[in-house]
Amino acid sequence: MTRIKFGEQTFETENNETVLNTLLRNNMQVPYGCKAGVCQCCLMRSLDNVPPEKSQVGLKDNQQKQNYFLACLCEPENDMTVALPNNEISWLEAEVIEKTDLSTNVILLKIKSKEPLAFFAGQFVNLRRDDGVIRSYSIANIHNAEHELEFHIRILPNGKFSRWVADELTVGMLLSFSHAQGDCHYVEGKIEQSLLLIGTGTGLAPLYGIIRDALSTHKHQGEIHLFHGSRDASGLYLEEKLTTLTQKYPNFHYTPCLSGEVNDEKYTKGRANEIALQAFPKLDGWRVYLCGQPEMVLHSKRAAYLQGASLKEIYVDAFTS
Ligand SMILES: Cc1cc2nc3c(=O)[nH]c(=O)nc-3n(C[C@H](O)[C@H](O)[C@H](O)COP(=O)(O)OP(=O)(O)OC[C@H]3O[C@@H](n4cnc5c(N)ncnc54)[C@H](O)[C@@H]3O)c2cc1C
Ligand code: FES
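Every value quoted in this text rests on a predicted model; they were computed, and no experiment measured them.

A.B. asks: Explanation requested: empty space enclosed by the protein in the structure shown.
C.D. replies: Over the atoms, a rolling probe the size of a water molecule traces out where space has been left empty. Within the structure shown, the criterion is met by 1 cavity of 30 Å³ or more. Here the largest cavity is characterised by a volume of approximately 40 Å³. Taken together, Leu92, Leu117, Ala118, Phe119, Val125, Leu149, Phe177, Ser178, His179 and Ala180 make up the lining of the largest cavity. Looking at the lining of the largest cavity, its residues break down into 8 nonpolar, 2 polar and no charged.

Here is the structure:
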């Protein structure tokens, strides 16, 4: 058991509890998003002891030297005095310009930034509500002069943020968002390389951005294979657009997969990752993108590596999709 001093108050951690969970259990208002070390929303600073190495993974060298850490990954080994970073995360402002249904439980949200943006399609940003609730969403569109960003947001029945997007967020409202982060994006320089993209649910969002970036911005010449998986056909929410894309670009191939009942032969029966990895047993020299359900991503990453893909060429985004 260790003690966490935050402001004037001190809390004791329970078994292997993270700093974030200790603070939340004690009703402290601290920002967080993914709780998995990805979004960096929970950045904090230790004012005394050096934080555990594991909690500094992905932070810049100068942040590590100054004892910044991710509270969601930090299981303290010693007592710590912690503080929120001042002005470490800068937020931008955007206006909601479109909100439409892509399916019964996926919304297309478009926002327009007030400032020019630097991003790659497929990266993610953190969206923030006025009350401080923050969630990460992948960028599904390519760079544009209008400073617009598009997201595919799956509505979880009791999801704090996604339910709010569905029920309360309207066109014209303002939303804060972070700069784009993450390495799940198209990489220039290997125009002939074969690309394999596997996604479940809204794991399609970053993949759709990457595919359009490859085809229309970079004129990618290698074969691009997308496998999108869902339980039923309503989850294949971009079927029409992706089919149209295959007609325009002969090197782009789209396989919609259903893990539930299949009554139409245009769909492949089974799990998208299993079908894709069976179809391409040798992945030496390929670039592989895996987005969606964490178990699928983890399992497929291992399989893709065993089938010859270099770990440096496997890009992942794991989230409930
Ligand atoms: C890098 C990154 C990129 C992401 N990109 C996207 C994206 O492009 N599109 C997208 O939709 N999401 C994306 N996410 C997930 C997103 O950030 C949120 O976690 C998600 O929208 C849920 O937030 P919420 O506040 O609505 O739900 P919360 O209130 O946070 O609840 C989520 C929790 O509710 C539970 N839950 C409730 N209902 C269900 C249900 N029906 N099915 C499964 N679990 C349920 C789950 O256990 C889950 O842990 C991304 C996450 C990360 C880390
Ligand atoms: S909440 Fe800690 S990194 Fe996302």
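Picking up after the structure, the text goes on.
A.B. asks: Looking at this structure, how should I read the domain arrangement of the protein?
C.D. replies: Note: interface size is frequently given as the accessible area lost on complex formation between the parts. Annotation of the protein at the domain level lists domain 1 (3-83), domain 2 (92-177) and domain 3 (195-318). Taken together, the 14 residues of domain 2 in the interface contact 14 residues of domain 3. The tally of links from domain 2 across to domain 3 stands at 1 salt bridge. Ionic pairing is found between Glu150 and Arg212, a salt bridge with its closest N-O pair at 3.8 Å. For the interface between domain 2 and domain 3, the tally reads 2 residue pairs in polar contact (both at pLDDT 80 or more). The element best represented in the side of domain 2 that touches domain 3 is strand β10 (residues 148-154), accounting for 4 residues. Taken together, the residues that form the side of domain 2 that touches domain 3 break down as 7 nonpolar, 5 polar and 2 charged.

A.B. asks: Got a minute to help me understand the environment of Ala121 in this structure?
C.D. replies: Within the secondary structure, Ala121 sits in the loop between β7 (106-113) and β8 (124-128). Those residues in contact with Ala121 that sit more than four places away from it in its chain are Ile139, Asn141, Ile142, Cys184, His185, Tyr186, Gly209, Ile210 and Asp213.

A.B. asks: What is the right way to look at the site of ligand 1 in this model?
C.D. replies: Residues in contact with ligand 1 amount to 21 residues; listed here are only the nearest, Arg135, Ser136, Tyr137, Phe161 and Ser162. Note that an oxygen atom of ligand 1 is positioned 2.6 Å from one of the backbone N or O atoms of Ser136. Here an oxygen atom of ligand 1 sits 2.8 Å away from a polar atom, N or O, in the main chain of Lys160. Notes on ligand 1: free accessible area 980 Å², of which the protein chains cover 73%. Elements that contribute at least two residues to the shell around ligand 1 include exactly β9 (134-138), β10 and α3 (160-167). Tallying contributions element by element places β9 first for the shell around ligand 1, with 4 residues. Classifying every residue of the shell around ligand 1 gives 10 nonpolar, 7 polar and 4 charged. A domain-level breakdown of the shell around ligand 1 finds at least three residues from each of domain 2 (92-177) and domain 3 (195-318).

A.B. asks: Would you mind going over the sheet that holds β10 with me for this structure?
C.D. replies: Strand pairing in a sheet relies on backbone hydrogen bonds, with the paired strands running either antiparallel or parallel. Across the sheet, 6 strands lie side by side as β9-β8-β11-β6-β7-β10; this open sheet has antiparallel pairing. At either margin of the open sheet sits one strand with a lone partner, and together these are β9 and β10. Here the average twist between neighbouring strands, direction ignored, is 40°. Two elements, β8 and β9, share 5 bridges in a ladder whose sense is antiparallel. Its bridge partner being in β9, Phe124 is matched across the sheet by Ser138. Packing of α3 onto the sheet brings it into contact with β6 (92-101), β7, β8, β9, β10 and β11 (174-177), and relative to β9 it is tilted by some 75°.

A.B. asks: How do you make sense of the sheet that holds strand β4 (residues 68-70) when you look at a structure like this?
C.D. replies: Taken in spatial order, the 5 strands of this open sheet run β2-β1-β5-β3-β4, and their pairing is mixed. Single-partner strands in this sheet number two, and they are β2 (9-12) and β4. Each strand axis lies, on average, 35° off the axis of its neighbour in the sheet, ignoring direction. Alignment of strand β1 (residues 3-6) against strand β5 (residues 80-83), held across 3 bridges, turns out to be parallel.

What counts as what
Residues numbered from 1 in each chain as written. Chains lettered and ligands numbered in written order. Predicted model: local features only at pLDDT ≥ 70, side-chain atom pairs only at ≥ 80, totals over all residues. Heavy atoms only, no water. 1 Å grid on protein atoms, 1.4 Å probe; cavity = no way out; pocket = protein on both sides within 12 Å on 5 of 7 lines; lining within 4 Å. Points joined across faces, edges and corners; volume = space filled by probe spheres on them. Nonpolar A, V, L, I, M, F, W, Y, C, P; charged D, E, K, R; others polar. Domains from an automatic or database assignment. Contact = heavy atoms within 4.5 Å. Salt bridge = Lys/Arg side-chain N within 4 Å of Asp/Glu carboxyl O. Polar contact = N/O pair within 3.5 Å; in protein donor to acceptor, adjacent residues only side chain to side chain. Helix = DSSP H or I, 4+ residues; strand = E, 2+ residues; numbered from the N terminus. Near = heavy atom within 4 Å. Areas by Shrake-Rupley, 256 points an atom, 1.4 Å probe, with all protein chains shown as cover. Pairing = 2+ DSSP bridges. Axes fitted to C-alpha atoms, helices over the stretch in contact; angles between N-to-C directions.

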